[in-house]
Amino acid sequence: MTERPRAMFAMTPQNVPLVFPPELMARLHACVEIDSTLVADDFTDPRVREALAGTEILLTGWGCPRLDPAVLDAAPELRAVLHAAGSVKGLAGPEVWQRGIAVSSAADANAVPVAEYTLAMILLAGKDVFALRDRLRDRRAFPYGGILPGVGNHGRRVGVVGASRIGRRLLELLRPHDLAVTLADPYVDAAEAARLGVPLLPLDELLRTSDIVTLHAPHTAETRHLVGARELALMPTGSVLINTARGALLDHEALVAELRAGRLSAVLDVTDPEPLPADSPLYDLPNAFVTPHLAGSQGNEVARLGRVVVEEAERLASGDGLRYAVDHAALERTA
């Protein structure tokens, strides 16, 4: 029998049974040698340090400390990092790839609930649910049978900024609906946009011509405040901005000015900073709908991330390559 590779968990300990429920944990034990009672959230812990010396596979997730050179030096047999979450930018620096360590991410799996949340918000925004719910709460009545002009999703213009994993997944989810969808992404050409089934527009034109704009670009030096005062001013009065990507893509000061003027509405699952300070006007503005970074995997959804990692561990144990390997060369322009 082939000896199973030695693995270790490195994440917030409380998350392990949620990410790896019993069925997944059993599969994991069948393909790797792992102590499920040892979870590294501090690589300087003596017990963790001792285990690192023989670890071949790290199963990481939220709460894992950064894999700096000192950690890598303490793990000379490490050959793979399987990340049960999305972005690995805060976890793994270039030295990980320089040492020939393979990195895998469950970013594709994490894209699913974010795209679902975004689809829900687009459809709710198209029906003006947030404002009409508040009006109903205030008036405790409504004109039954009346037709509300300007409300509805028939032909609603939706602009998707960024053909990221989440952006692409969202495009698939939007397809069955009777919406007019466009895309802005400087790394997508007309041929690829055609394969995605959407017209490709420059960002400014997309902002000018969309009723709902949803952000799905990565946060890089290039995309910080991608949507600022100038860009917000291009959006039509009455339009809605949705951000489930990163808070820094959006200039919040400029957004607050537009919201106070009553010209736009916003749905924000991510902010800058995060969480917002207690005195942020975004908590109280009636046209701002703010949620606590919950679009990504939560509750029973995190087991989907664990399943990806277990499948990757099974591939490694059987001598196969990783399905969701992270391309270091492309990391600069991805999430």
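Quick caveat: nothing in here was measured; it's all calculated off a predicted structure. Per chain, residue numbering runs from 1 following the sequence as it is written. In view of the model being predicted, local features appear only for residues whose pLDDT reaches at least 70, and side-chain atom pairs are presented and counted only at 80 or more, with totals across whole chains, interfaces and linings using the full set of residues. Hydrogens and water are ignored here; the side-chain numbers use all heavy atoms of the structure.

## Looking at the UniProt feature "domain: D-isomer specific 2-hydroxyacid dehydrogenase catalytic" (unreviewed entry) in the protein
UniProt positions are given in the numbering used here, feature names are shortened, and annotations may be inferred rather than shown by experiment. Residues annotated in UniProt with the feature "domain: D-isomer specific 2-hydroxyacid dehydrogenase catalytic" (unreviewed entry) correspond here to residues 23-326. Only DSSP runs of H or I reaching four residues or more are called helices, and only runs of E reaching two or more are called strands; each is numbered from the N terminus. Secondary structure over residues 23-326 splits into 37% helix and 15% strand, and the C-alpha atoms at its two ends are 26 Å apart.

## Here's the deal with the UniProt feature "domain: D-isomer specific 2-hydroxyacid dehydrogenase NAD-binding" (unreviewed entry) in the protein
Cross-referencing UniProt, the feature "domain: D-isomer specific 2-hydroxyacid dehydrogenase NAD-binding" (unreviewed entry) maps to residues 120-295 in the present numbering. In this annotation, residues 120-295 is assigned 32% helix and 15% strand; the end-to-end C-alpha distance for the span is 11 Å.

## Thoughts on the sheet that holds strand E5 (residues 102-105)
Judged by pairing direction, the sheet is parallel, and its five strands sit side by side in the order E2-E1-E3-E4-E5 without closing on themselves. For this open sheet the edge positions go to strand E2 (33-39) and E5, each flanked by a neighbour on one side alone. Taken pair by pair, the neighbouring strands of this sheet meet at an average axis angle of 20°, ignoring direction. What makes two strands pair is DSSP finding at least two bridges between them. Pairing of strand E4 (residues 80-83) with E5, which is carried by four bridges, proceeds in the parallel orientation. With axes taken as lines fitted to C-alpha atoms, and helix axes fitted only over the stretch in contact, angles between N-to-C directions fall between 0 and 180 degrees.

## Regarding the pairing of strand E8 (residues 212-215)
For the exposure calls, accessible area comes from a 1.4 Å probe over protein chains only, and a residue counts as buried if that area is under 20% of its type's maximum, exposed if over 50%, partly exposed in between. The alternating pattern of E8 places Ile212 and Thr214 and Val213 and Leu215 on opposite faces, both of which are buried. As defined by bridge partners, strand E6 (residues 156-161) adjoins E8 across four bridges and the pair is classed as parallel. For Val158, the partnering residue across the bridge sits in E8 and is Ile212. Strand direction decides the pairing type here: E8 and strand E9 (residues 240-243), joined by four bridges, are parallel. Across the sheet, the residue bridging to Val213 is Leu241, located in E9.

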